Amino acid sequence: MGCDGGTIPKRHELVKGPKKVEKVDKDAELVAQWNYCTLSQEILRRPIVACELGRLYNKDAVIEFLLDKSSEKALGKAASHIKSIKNVTELRLSDNPAWEGDKGNTKGDKHDDLQRARFICPVVGLEMNGRHRFCFLRCCGCVFSERALKEIKAEVCHTCGAAFQEDDVIVLNGTKEDVETLKRKMEERRLRAKLGKKAKKPKAAESVSKPGVSEEFPGPSKIKTGKPEETSLDSREKKASSAPKNAANGSSSGKVGKPLCGTTKRSIADSEESEAYKSLFTTHSSAKRSKEESAHWVTHTSYCF
């Protein structure tokens, strides 16, 4: 079992004690949270969005995740609560004029100051590097430090002037307690929206059924009104068209040759109608022509009787 060749083992080589808990570097954790996308682990670049739990993402990474929700992606669990692009808000960030980025680090020998941040609070001027608590408004997407909201209490956004409520304020990269609170609010908000959609469905069905009732029973405005002469003409035409039908029905039933009771033949010329109405028929005097006025038998004319 070893110990040959004059080797002398030490105690820590023979006795195995409990493993030491690895401590996470706080600076590295802050850099990862505030400078890298939670979903793709790439550097944050505009447009930057945030979810209802206060995590930062690249917008293109969220769109790719929604289009391809494969189970192989382990990082997909961090965005499992994002069901559509409406669940994220595009942030309006204020650039930090003191941040140079990689402009001066051409040779790679420059020290990276982790305290410097790309964005700052537009009200107080604090840098968004994780040392100070920041939050954004769901209604407009503007980002402020928590100190600015506490010192300048207002119900209107300090940048765009949009009205907001306490439920619209979401803490960015908050603690576990903050995430649990935001998760509870998110579930309540989605439940209210779901119940609101269900309540709208019966109202929409009622509004669809009401126009049908009004069409079956039209009001006085929808009743067709016309001139008395036109209505009398329509009624006479209907009577004339119904007379052949009655005659046909009588012949089909075997009662041929029996005229209807009370029906007598009368000419249009003897009626008391107007001259304009009488001129519509060929028996009127205006429709008759003499032999001299009529055309030759070879020619075609509608007035040749």
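Placed above this text is the structure.
Below is a short write-up of the structure. (Residues numbered from 1 in each chain as written. Predicted model: local features only at pLDDT ≥ 70, side-chain atom pairs only at ≥ 80, totals over all residues. Heavy atoms only, no water.)

1. Details of the environment of Val 169
Within the element layout of this structure, Val 169 appears in strand β8 (residues 169–172). Given a relative accessible area of 22%, Val 169 falls into the partly exposed group. In sequence terms Val 169 and Cys 135 are 34 residues apart; their C-alpha atoms lie 6.5 Å from each other. Val 169 has contacts with Cys 135, Phe 136, Leu 137, Leu 149 and Phe 164, leaving out every residue within four places of it along the chain. (Helix = DSSP H or I, 4+ residues; strand = E, 2+ residues; numbered from the N terminus. Buried < 20%, exposed > 50% of the residue type's maximum accessible area, 1.4 Å probe, protein only. Contact = heavy atoms within 4.5 Å.)

2. Thoughts on the sheet that holds strand β3 (residues 89–90)
Pairing is antiparallel in the open sheet, where three strands are placed in the order β2-β1-β3. Across the chains shown, the open sheet's two edge strands, defined by having one partner strand only, are β2 (56–58) and β3. Examined bridge by bridge, strand β1 (residues 48–50) and β2 share three bridges and lie antiparallel to one another. Looking at the pairing, Ala 50 lines up with Leu 56 of β2. Packing of helix α3 (residues 59–67) onto the sheet brings it into contact with β1, β2 and β3, and relative to β2 it is tilted by some 80°. (Pairing = 2+ DSSP bridges. Axes fitted to C-alpha atoms, helices over the stretch in contact; angles between N-to-C directions.)

3. Quick notes on the state of the cysteines
The full count for this structure, using the stated rule, is zero disulfides. Here Cys 121 is not disulfide-linked; the sulfur of Cys 135 is the nearest cysteine sulfur, at 8.6 Å. You can see Cys 140 has no disulfide; the closest cysteine sulfur is in Cys 142, sitting 3.6 Å from it. (Disulfide = S-S within 2.5 Å.)

4. A short note on the sheet that holds β8
Ordered by their spatial adjacency, three strands build an open sheet running β7-β6-β8, and the pairing between neighbours is antiparallel. With one partner strand each, in any of the chains shown, β7 (143–145) and β8 form the two edges of the open sheet. Across the sheet, the mean angle from the axis of one strand to that of its neighbour is 35°, orientation sign disregarded. Pairing between strand β6 (residues 134–137) and β8: four bridges, direction antiparallel. By the bridge assignment, Phe 136 is partnered in β8 with Ile 170.

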